[in-house]
Amino acid sequence: QLQASGGGLVQAGGSLRLSCAASGRTFSRYAMAWFRQSPGKEREFVAAITWSGGSTSYADSVKGRFTISRDNAKNTVYLQMNSLKPEDTAVYYCASRDGVFYSTTSNYDYWGQGTKVTVSS
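What this report covers is the structure whose coordinates are included nearby. None of the values given here were measured: they were computed from a predicted structure. (Residues numbered from 1 in each chain as written. Predicted model: local features only at pLDDT ≥ 70, side-chain atom pairs only at ≥ 80, totals over all residues. Heavy atoms only, no water.)

## So, the overall build of the chain
Tallying secondary structure elements over the chain gives zero helices and 11 strands in all. Along the chain, helices and strands appear, N-terminal first, in the series β-β-β-β-β-β-β-β-β-β-β. Its C-alpha atoms give the chain a radius of gyration of 13 Å, within 12% of the compact-globule value 14 Å for 121 residues. With respect to the three principal axes, the spread of C-alpha positions in the chain is 40 × 25 × 25 Å. (Helix = DSSP H or I, 4+ residues; strand = E, 2+ residues; numbered from the N terminus. Rg over C-alpha atoms; globule rule 2.2 N^0.38 Å.)

Written out as structure tokens, the structure reads:
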């Protein structure tokens, strides 16, 4: 089970940190990712991290502004979002899979419920 939190309303240029707490499985074995979905759009890849935290990947649209990290001792993955833009407004979902990470939704087995991020201009 994945539980995402940390969303909210923020002004453009501001920051938020999302958290995703995992339970019920061996968290440290799993690659983790964040996706987001805006109204009327498909769910899109944001960032991913390997089980060890040694490798990460980002969508071009967030590269240099967002940072994904994880704390396996706390079974939690984070998404630090800086320099937020109105176009970052979406529901953000965390996801996990056994093995390496991918940037496509179909490769992920487990999903959190989503946390809403709204960036005002």
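## Thoughts on the state of the cysteines
Applying the stated criterion across every chain yields a total of one disulfide. Each sulfur of the disulfide joining Cys20 and Cys94 lies 2.1 Å from the other. Here Cys20 and Cys94 share a disulfide; its torsion about the S-S bond, 65°, makes the bridge right-handed. Of the two residues, Cys20 sits in strand 3 (residues 16-22) while Cys94 sits in strand 9 (residues 90-98), which places them 74 residues apart along the sequence. Pair check on accessibility: Cys20 and Cys94 agree, each one buried. (Disulfide = S-S within 2.5 Å. Buried < 20%, exposed > 50% of the residue type's maximum accessible area, 1.4 Å probe, protein only.)

## Describing the sheet that holds strand 8 (residues 76-81)
Here four strands make up an open sheet; going across it, the order is 1-3-8-7 and the pairing antiparallel. Each edge of the open sheet is held by one strand with a lone partner, namely strand 1 (2-5) and strand 7 (66-71). Within the sheet, the average angular offset between the axes of one strand and its neighbour, ignoring direction, is 15°. Alignment of strand 7 against strand 8, held across six bridges, turns out to be antiparallel. Opposite Thr67, over in strand 8, you have Gln80 as the bridge partner. (Pairing = 2+ DSSP bridges. Axes fitted to C-alpha atoms, helices over the stretch in contact; angles between N-to-C directions.)

## As for the environment of Ser106
Topologically, Ser106 is positioned in the loop between strand 9 and strand 10 (110-111). For the pair Ser106 and Val119, spaced 13 residues apart in the sequence, the C-alpha separation amounts to 28 Å.

## Describing the pairing of strand 5 (residues 44-49)
The buried fraction of strand 5 is high, at five of six residues. Taken together, the five bridges between strand 4 (residues 30-37) and strand 5 define a ladder with antiparallel strand orientation. Residue Phe35 lies in a different strand from strand 5, and its bridge partner there is Phe45. Once strand 4 ends, the chain turns through six residues before running back antiparallel as strand 5, passing Gly40 with a positive phi of about 80°. Note that strand 5 and strand 6 (residues 56-58) share three bridges and pair antiparallel. The residue of strand 6 that forms the bridge with Ala48 is Ser57. Once strand 5 ends, the chain turns through six residues before running back antiparallel as strand 6, passing Gly53 with a positive phi of about 85°.

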